[in-house]
Amino acid sequence: MYQGVGSQSIDSILREDRKHMKQCLSIIRHTLDELQAEAAESYHYEYHKGGSDTIIYSMNLCCDTTRYASKHHTANHPTFYSDEYLYFNCQPYHDEGEVGATLQYIVQGPNPGPQAEKNSLETLTSDIARLFMQNKIKPRKAMWQHDKAYSDSILETKAPVFETMVCIGGNSNEGITNAEIYTVPREQEDMARQFYDEISRMALQFTEGNLDVLYRYKYLTFDESYWGAILDCYYDETTSYSINMRRNESGFHFVIANTSGMEWFPVDWPSIKTFVNGKVSYFKGMEPKKDNE
């Protein structure tokens, strides 16, 4: 995401960022134009007005028509689902001239076979815990819960209560998350960077085994991941597991979350021990400062 032409306050850093993103966009579009010639099916849409661009590509790259799963039509464009497909969407957001772009490439991985050893999330969690314990960093256990009535009221009023949420299925917005939070002090950024790289390596290694869960792994560097999931796993439509990192003024916070229902991370979650339908308790020493302090 970057500041578009319509922004009234673009400083030199934002101008360089926008220039870099436009270069990336040009390279991506060139590649996608070439891929269209190879695609089994493709869709390309563009709309330009007043310096704002909407650009969409959707392609089925699977040559085996028996492995073609389905085609889902939205209001404006189709999305193809097969053993190999991609989707690109670039469009303006909000009214401040911001532009966001998303590129997704999905491919069916090789089947490791029934004899392959299964990789377990329990083992991955233990390995991550051992990594932190070797550096004398203990986890803080947290629990965040919201029932349907509370969730529906928050979604209706759009109150800024939750920092992020992931809905994986079902008809209810309720959910409960049990989390373990590991924090590296802000002044120890080099250590946090090492942890991030090692945890990303562990997560990627986990995805290469024989799995019983659906997963999404994010290829992001430490500098790119100011907030977001390293790994998301889905047992079924109501149960999920995720590894996330967030940085703020107090440090670098790694969290392992097990969720039943909708995953909601409350605002300022690194400081929150329990959250139950808006009632909050904080970890000792991490309470928010009062206005007169």
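For the structure itself, look to the data block above.
Scoring rules and cut-offs
- Residues numbered from 1 in each chain as written.
- Predicted model: local features only at pLDDT ≥ 70, side-chain atom pairs only at ≥ 80, totals over all residues.
- Heavy atoms only, no water.
- Helix = DSSP H or I, 4+ residues; strand = E, 2+ residues; numbered from the N terminus.
- Buried < 20%, exposed > 50% of the residue type's maximum accessible area, 1.4 Å probe, protein only.
- Contact = heavy atoms within 4.5 Å.
- Areas by Shrake-Rupley, 256 points an atom, 1.4 Å probe, with all protein chains shown as cover.
- Core = buried A, V, L, I, M, F, W, Y, C linked by side-chain atoms within 4.5 Å.
- Salt bridge = Lys/Arg side-chain N within 4 Å of Asp/Glu carboxyl O.
- Phe/Tyr/Trp six-rings, centres within 6.5 Å; stacked < 30°, edge-to-face > 60°.
- Lys, Arg positive; Asp, Glu negative; His and termini not counted.
- Polar contact = N/O pair within 3.5 Å; in protein donor to acceptor, adjacent residues only side chain to side chain.
- Pairing = 2+ DSSP bridges.

Draft legend 1. Examining the overall build of the protein chain more closely. Scanning the protein chain from N- to C-terminus turns up four helices and 17 strands. By residue count, 38% of the 293 residues in the protein chain fall in the buried class. Partitioning the contacts of the protein chain with sequence separation of at least 6, the portion at a separation of at least 24 is 57%. Surface exposure of the protein chain reaches about 17600 Å², of which carbon and sulfur atoms provide 50%.

Draft legend 2. Quick look at the nonpolar core. Ranked by size, the top nonpolar core spans 28 residues in total, and within it L124, F132, I243 and F254 carry the most contacts. For this core, the leading source of residues is helix α4 (residues 189-207), giving seven residues. With near-sequence residues (within four places) excluded, L124 lies in contact with M202, A203, F206, L231, Y241 and I243.

Draft legend 3. Local environment of unusual backbone geometry. Phi at D268 takes a positive value of approximately 60°, unusual for a residue other than glycine. Structurally, D268 can be placed in the loop between β15 (263-266) and β16 (272-276). Backbone geometry places N277, a non-glycine residue, at a positive phi of 50°. Following the sequence through the fold, N277 ends up in the loop between β16 and β17 (279-282). Given a relative accessible area of 29%, N277 falls into the partly exposed group.

Draft legend 4. Quick look at the pattern of salt bridges. The final tally for this structure, using the stated rule, is eight salt bridges. Put simply, E189 and R193 hold a salt bridge, and the shortest N to O gap is 3.3 Å. Within this pair, E189 and its partner R193 are both found in helix α4, separated by four residues, close to a single helical turn. Classification of E189 by relative accessible area gives partly exposed; the value is 30%. With relative accessibility at 27%, the residue R193 sits in the partly exposed group. Three or more residues are tied together by salt bridges with common partners; here these are E189, R193 and D223.

Draft legend 5. Fine view of the packing of aromatic side chains. Using the criterion set out here, one finds twelve aromatic pairs in the structure. Ring geometry for F132 against F254: centres 5.6 Å apart, planes inclined by 55°, an arrangement best described as tilted. Of the two residues, F132 is situated in helix α2 (residues 121-133) and F254 in strand β14 (residues 251-261); the sequence distance between them amounts to 122 residues. Here the aromatic residues F132, Y182, F195 and F254 are joined through ring pairs into a cluster of three or more.

Draft legend 6. Focus on the side chain of R140. Inspection of the secondary structure puts R140 in strand β8 (residues 140-146). Of the side chains bearing the opposite charge, D268 lies closest to the buried R140, which forms no salt bridge; the N-O distance is 9.0 Å. For R140, the side chain forms a polar contact with the side chain of T183, separated by 2.6 Å. Filtering out sequence-adjacent residues up to four positions away, R140 remains in contact with A179, E180, I181, T183, H253, P270, F283 and M286.

Draft legend 7. Quick peek at the pairing of strand β13 (residues 239-248). Most of β13 sits inside the fold, with nine of its ten residues counted as buried. Pairing of β13 with β14, which is carried by ten bridges, proceeds in the antiparallel orientation. Paired with S240 across the bridge in β14 is T259. Taking the residues that link successive antiparallel strands as the turn, the β13-β14 hairpin has two residues.

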